[in-house]
Amino acid sequence: MGTAAAAGGGGGGGGGARRWLRWLGLCLWAAGAAAARGTDNGEALPESIPSAPGTLPHFIEEPDDAYIIKSNPIALRCKARPAMQIFFKCNGEWVHQNEHVSEESLDESSGLKVREVFINVTRQQVEDFHGPEDYWCQCVAWSHLGTSKSRKASVRIAYLRKNFEQDPQGREVPIEGMIVLHCRPPEGVPAAEVEWLKNEEPIDSEQDENIDTRADHNLIIRQARLSDSGNYTCMAANIVAKRRSLSATVVVYVNGGWSSWTEWSACNVRCGRGWQKRSRTCTNPAPLNGGAFCEGMSVQKITCTSLCPVDGSWEVWSEWSVCSPECEHLRIRECTAPPPRNGGKFCEGLSQESENCTDGLCILDKKPLHEIKPQSIENASDIALYSGLGAAVVAVAVLVIGVTLYRRSQSDYGVDVIDSSALTGGFQTFNFKTVRQGNSLLLNSAMQPDLTVSRTYSGPICLQDPLDKELMTESSLFNPLSDIKVKVQSSFMVSLGVSERAEYHGKNHSGTFPHGNNRNFSTMHPRNKTPYIQNLSSLPTRTELRTTGVFGHLGGRLVMPNTGVSLLIPHGAIPEENSWEIYMSINQGEPSLQSDGSEVLLSPEVTCGPPDMIVTTPFALTIPHCADVSSEHWNIHLKKRTQQGKWEEVMSVEDESTSCYCLLDPFACHVLLDSFGTYALTGEPITDCAVKQLKVAVFGCMSCNSLDYNLRVYCVDNTPCAFQEVVSDETHQGGQLLEEPKLLHFKGNTFSLQISVLDIPPFLWRIKPFTACQEVPFSRVWCSNRQPLHCAFSLERYTPTTTQLSCKICIRQLKGHEQILQVQTSILESERETITFIAQEDSTFPAQTGPKAFKIPYSIRQRICATFDTPNAKGKDWQMLAQKNSINRNLSYFATQSSPSAVILNLWEARHQHDGDLDSLACALEEIGRTHTKLANITESQLDEADFNYSRQNGL
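Residues numbered from 1 in each chain as written. Predicted model: local features only at pLDDT ≥ 70, side-chain atom pairs only at ≥ 80, totals over all residues. Heavy atoms only, no water.

Quick notes on the overall build of the protein chain
(1) Moving on: Each helix and strand counted, the protein chain has 13 helices and 55 strands in total.
(2) Moving on: Buried positions account for 42% of the 956 residues belonging to the protein chain.
(3) Moving on: Working note: accessible area of the protein chain is about 51600 Å², and carbon and sulfur atoms make up 51% of it. (Helix = DSSP H or I, 4+ residues; strand = E, 2+ residues; numbered from the N terminus. Buried < 20%, exposed > 50% of the residue type's maximum accessible area, 1.4 Å probe, protein only. Areas by Shrake-Rupley, 256 points an atom, 1.4 Å probe, with all protein chains shown as cover.)

Quick look at the pairing of strand S7 (residues 113-121)
(1) Moving on: Counting buried positions over the nine residues of S7 gives seven, a clear majority of the element.
(2) Moving on: As defined by bridge partners, strand S3 (residues 74-81) adjoins S7 across seven bridges and the pair is classed as antiparallel. Across the sheet, Ala-75 pairs through a bridge with Asn-120, a residue of S7.
(3) Moving on: Both strand S6 (residues 101-106) and S7 contribute to a ladder of six bridges, which runs antiparallel. Along S7, the bridge assignment pairs Val-101 with Phe-118.
(4) Moving on: The turn joining S6 and S7, which pair antiparallel and follow one another in sequence, is formed by six residues; a positive phi near 75° is taken by Gly-111. (Pairing = 2+ DSSP bridges.)

Brief notes about helix H6 (residues 720-733)
(1) Moving on: Taking 1.5 Å of rise per residue, the 14 residues of H6 would be expected to cover 20 Å, and the 20 Å separating its terminal C-alpha atoms lies within 8% of that figure.
(2) Moving on: Within H6, burial applies to Cys-721, Ala-722, Phe-723, Glu-725, Val-726 and Glu-730.
(3) Moving on: Next to the buried residues of H6 lie strand S36 (578-587), strand S45 (691-702) and strand S46 (708-717).
(4) Moving on: Immediately downstream of H6, the backbone of Gly-734 shows phi near 80°, a positive value. (Expected span 1.5 Å × (residues − 1). Contact = heavy atoms within 4.5 Å.)

Side note on a nonpolar patch on the surface
(1) Moving on: Together, Ile-175, Leu-226 and Leu-288 give the surface a local cluster of nonpolar side chains, amounting to about 230 Å² of exposed area.
(2) Moving on: Position of Leu-226 among the secondary structure elements: in the loop between strand S17 (219-221) and strand S18 (230-237). (Patch = residues over 30% accessible without salt bridge, like charges linked within 9 Å, V, L, I, M, F, W, Y side chains within 5 Å. Salt bridge = Lys/Arg side-chain N within 4 Å of Asp/Glu carboxyl O.)

What about the side chain of Ser-652?
(1) Moving on: Here Ser-652 shows up in strand S41 (residues 647-652).
(2) Moving on: At a separation of 3.1 Å, a polar atom in the side chain of Ser-652 contacts the side chain of Asn-635.
(3) Moving on: Of the polar contacts made by the side chain of Ser-652, one reaches the backbone oxygen of Ile-636; its length is 3.4 Å.
(4) Moving on: If near-sequence neighbours (up to four positions away) are discounted, Ser-652 is found in contact with Trp-275, Lys-301, Asn-635, Ile-636 and His-637. (Polar contact = N/O pair within 3.5 Å; in protein donor to acceptor, adjacent residues only side chain to side chain.)

Side note on the sheet that holds strand S12 (residues 179-181)
(1) Moving on: Spatial ordering of the open sheet is given by S12-S17-S16, a layout of three strands whose pairing is antiparallel. If you trace the sheet from one side to the other, it starts and ends with S12 and strand S16 (211-212), each paired once.

A closer look at unusual backbone geometry
(1) Moving on: Of note, the bond from Val-189 into Pro-190 is cis; its omega dihedral lies within 30 degrees of zero at -10°.
(2) Moving on: Tracing the chain through its elements places Pro-190 in the loop between strand S13 (188-189) and strand S14 (193-198).
(3) Moving on: The linkage connecting Asn-284 with the following residue, Pro-285, adopts the cis geometry, with an omega of -5°.
(4) Moving on: Topologically, Pro-285 is positioned in the loop between strand S21 (272-279) and strand S22 (299-306).
(5) Moving on: Although it is not a glycine, Asn-342 adopts a positive phi angle of roughly 55°.
(6) Moving on: Assignment of secondary structure puts Asn-342 in the loop between strand S23 (328-332) and strand S24 (352-356).

Digging into the sheet that holds strand S34 (residues 556-560)
(1) Moving on: Read from one edge of the open sheet, six strands run S42-S43-S39-S35-S34-S55, paired in antiparallel fashion. Every interior strand has two partners, whereas the edge strands, strand S42 (661-664) and strand S55 (847-849), have only one. Mean inter-strand twist for the sheet, computed between neighbouring axes without regard to direction, equals 15°.
(2) Moving on: Bridge count for strand S39 (residues 619-624) against strand S43 (residues 668-673) is six bridges, and the pairing is antiparallel. Note on S43: the bridge partner recorded for Leu-621 is Val-671. (Axes fitted to C-alpha atoms, helices over the stretch in contact; angles between N-to-C directions.)

Quick word on the layout of surface pockets
(1) Moving on: There is about 880 Å³ of room inside the second largest pocket.
(2) Moving on: Put simply, the parts of the chain that give the lining of the second largest pocket at least two residues each are strand S44 (677-685) and helix H7 (778-782).
(3) Moving on: When the residues that make up the lining of the second largest pocket are grouped by side-chain class, the tally is 15 nonpolar, eleven polar and six charged. (1 Å grid on protein atoms, 1.4 Å probe; cavity = no way out; pocket = protein on both sides within 12 Å on 5 of 7 lines; lining within 4 Å. Points joined across faces, edges and corners; volume = space filled by probe spheres on them. Nonpolar A, V, L, I, M, F, W, Y, C, P; charged D, E, K, R; others polar.)

Quick look at the nonpolar core
(1) Moving on: Residues Leu-567, Ile-582, Leu-621, Leu-711, Ile-809 and Ile-811 are the most contacted members of the largest nonpolar core, which totals 70 residues.
(2) Moving on: Not counting the four nearest positions on each side in its chain, Leu-711 is found in contact with Val-698, Phe-699, Gly-700, Leu-738, Cys-791, Ala-792, Phe-793, Leu-795, Leu-805, Cys-807 and Ile-809.
(3) Moving on: Membership of the second largest hydrophobic core comes to 29 residues, among which are Phe-868, Leu-907, Trp-908 and Leu-918. (Core = buried A, V, L, I, M, F, W, Y, C linked by side-chain atoms within 4.5 Å.)

Looking at the state of the cysteines
(1) Moving on: Here the structure, examined in full by the defined rule, presents eight disulfides.
(2) Moving on: The disulfide that involves Cys-323 links it to Cys-357, with 1.7 Å between the sulfurs. Residues Cys-323 and Cys-357 share a disulfide whose torsion about the S-S bond is about 45°; that sign makes it right-handed. Within this pair, whereas Cys-323 is found in the loop between S22 and S23, its partner Cys-357 is found in the loop between S24 and strand S25 (363-364), the two being separated by 34 residues in sequence. (Disulfide = S-S within 2.5 Å.)

Focus: the pattern of salt bridges
Where charged atoms from two side chains of opposite charge approach closely, those side chains can pair.
(1) Moving on: Scanning the entire structure with this criterion turns up 23 salt bridges.
(2) Moving on: Across the salt bridge formed by Glu-104 and Lys-113, the nearest N and O atoms sit 4.0 Å from each other.
(3) Moving on: Since its relative accessible area comes to 40%, Lys-113 is described here as partly exposed.
(4) Moving on: Of the charged contacts, one joins Arg-123 and Glu-127 as a salt bridge, the two residues approaching to 2.9 Å between their closest N and O atoms.

Regarding the environment of Glu-315
(1) Moving on: Counting through the fold element by element, Glu-315 comes out in the loop between S22 and S23.
(2) Moving on: The exposure class assigned to Glu-315 is partly exposed, which follows from its relative accessible area of 35%.
(3) Moving on: Sequence separation between Glu-315 and Arg-333 is 18 residues, and the spatial gap between their C-alpha atoms is 5.8 Å.
(4) Moving on: Excluding residues within four positions of it along the chain, Glu-315 makes contact with Arg-333, Glu-334, Thr-336 and Ala-337.
(5) Moving on: At 3.3 Å, the side chain of Glu-315 and the side chain of Thr-336 are in polar contact.

Observations regarding the packing of aromatic side chains
(1) Moving on: Summed over the entire model, instances satisfying the criterion amount to 16 aromatic pairs.
(2) Moving on: Both rings, one in Phe-619 and one in Phe-676, keep their centres 4.4 Å apart while their planes meet at 10°; by these two values the pair is stacked. Taken as a pair, Phe-619 in strand S39 and Phe-676 in the loop between S43 and S44 lie far apart in primary sequence, 57 residues in all.
(3) Moving on: A relative accessible area of 3% means that Phe-676 is categorised as buried.
(4) Moving on: An angle of 45° between the planes, with centres 6.4 Å apart, marks the rings of Trp-878 and Phe-894 as tilted. In this pair, Trp-878 sits in helix H9 (residues 878-884) while Phe-894 sits in helix H10 (residues 892-895), placing the two residues 16 residues apart along the sequence.
(5) Moving on: Three or more aromatic residues link up through ring pairs in this structure, and these residues are Trp-634, Phe-746, Phe-778 and Trp-782.
(6) Moving on: For the cation-ring pair, Arg-77 lies above Phe-118, with the distance from its terminal atom to the ring centre recorded as 4.7 Å.
(7) Moving on: Across the ring face of Trp-314, the terminal group of Arg-333 is positioned such that the distance to the ring centre comes to 4.3 Å. (Phe/Tyr/Trp six-rings, centres within 6.5 Å; stacked < 30°, edge-to-face > 60°. Lys NZ or Arg CZ within 6 Å of the ring centre and 35° of its normal.)

In structure tokens:
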């Protein structure tokens, strides 16, 4: 262990004693000198001194490396035998004797002296040392034979810095991928040991072979599992402190995979060309933890052709057979002309017929046949007679009961003014003037009408005298309709306090009947009674918007103002000498069309009628929709409600059909139809990129508390009628439009809608707790039932002097689009700036008839049809006219029409009812080379002349 200084040579006892005394004296001198000079004098004790015969010191315990923690000193120990003296030497200098603490004992086994010495080393001593190496100390022990040195023990100040040299970073990895999280602990003495935590629980790599934490403090997960998702933390620790890294979030995601295709569905049409479809779902596996949705289409379609069923038909009867012993002969026929095929119906009737073949001369039961036959015939005649009498009695009873019930139901509503057209259920216009100065509600139908100043309203006029039996017999019995269209003078309107544009509707018409052009009308004059008018505020809430108009052979246009819904009746669609009262309505209540599966309602439910009306030329119905049109993302269908209340698919917009035609524009669908009814558009999203267009708007009004102000944010389908319903409701509630509405594209990606209020002035306003942000589920927005969807926010002023409000409304879809509505308004009505919303420019007059209803003059239209309906060798026919007007699909529909060009122009009229862009039509015609006349340059006088000539030709 140590080095020894050789003892002196042999010699006698006297010489040995002298050498011992010299060595002892030298030790005492060295100790005294060291005590006098201290350890800072730089003089070292002798490395070896003479010693008596014996053994060199052997260290039983040597000083160990030590660390000073904070300001606590450390003790260095050493123990040796045999040892006369032990001293510490630190950094090459002897430690002062006073700093040593020594203990001496006797080793019982060897009888040698054992000496143990320790010293304390402070933090200050280590910090004050500046050398090329660490602070160190060493023991030097003396025995009779010499000295021994122990190992050097280093003394260092322990520490651990706060910041990690590299924190682990969060990652998103696919399932079964490799995860590597790097961690470099803070610098420290001694070096820190690293431990990993997952969700605050230690990770034991020995129990999980999939995890390795031995590679340079890094965490390695060989194959990621769903259970490996979590928050990972790197822990570093030494004898001084522990440190935590920033947590790293690991997300193990699963990309979606397609399931197997379903079987192909049955052909959607029973007869002819249709389509089949099959579908698959993104559930094998389903996307998880933000994994990608499946790429590709979820629905595939192919065309199919179904054989049309052929009903069977009878062949001609065969010849009569020979007369049988029973006095009858037979004849037969077969159902083979043609036989039923492809599920067609079998022939109706008997396939075999028999009759007597002896003219009654054959004997049956010993009686001539002619004696038996008349009795049976007489019995049969009696039965028929009694049956007819019984049916007549029942019919009369039912009629009497029906009339009685009807009269009772009408007893509360007498009629003072009856038009003879009510006998056939039609609607006519009546004109009234006030007759008494003191009571503007009294009407007299006998007075001549004044047509100079008037307004037209549709509403129930209830002029009552329940005891007037004359009216009960003459009017109530023959007037099946209680809704009468009345033209009332302005003075009468003002007396009721009704606005000029108000429209009220009573009971719906049970039916609409045609009017002949040559009918005579008369007025029934009841006795002079005191009439009254039903209070308009008691009318039930309307569940539909409705408009009507009377149309004849000249055709016309019926428009529902500010809704985007219109109906175009072409010229000649109604036969001459006939006129029909045509109505159109929009359902504003709960929709009767219930979506199946992923289908959503994209338009309002529009009804046009009467349903039993027959047209000779297809009419055009325009219905607004809220879909962002794309054949890649949407499969849009036109549906019709049956008389039983069920909805049936008429056609898909992309299908080929000869029964109707659909032209889909960005905001509306124009449909060519030949039968009236209730129609609506539905959409089936093919991918999650399918988009519905929503209109977002914010309204505001004061609440009951003068310090509160309410904001209502609406998200409705982007159809004019849906927004008009919101405006109407807000007007009744006293709401004010605060910002011009904006368009929001809402994706079908199953993510919800968030509506939040931002940038509220902090010292002027405050929002009620937990209401600053509201979230609407995806299904509530995507499958809306046309009820206005809105979120309400309540703001409160700190003082009544605050009159200005400025904030932002953020409407956004998670992983989708967003819109910002900037609110800058005054809550005082006198200072508020009105936001004017420019609605769709519909016609001021809902019904327009005759030439004025069409953009193309009739004479020009006739020339175009005559030119393009005729086939041409150069291919310049109606097909090119359709192509120039962006009609490139389902041309077979036009081929089945008597005048394809006329139907194409009808479709053009429906598409351009607002702009009437005749110039573009003229350019298209010039490109074809059929005409060089620019329609836009036709002067107004020419148009008037054309209309006048047209009127003369049609006897107007």
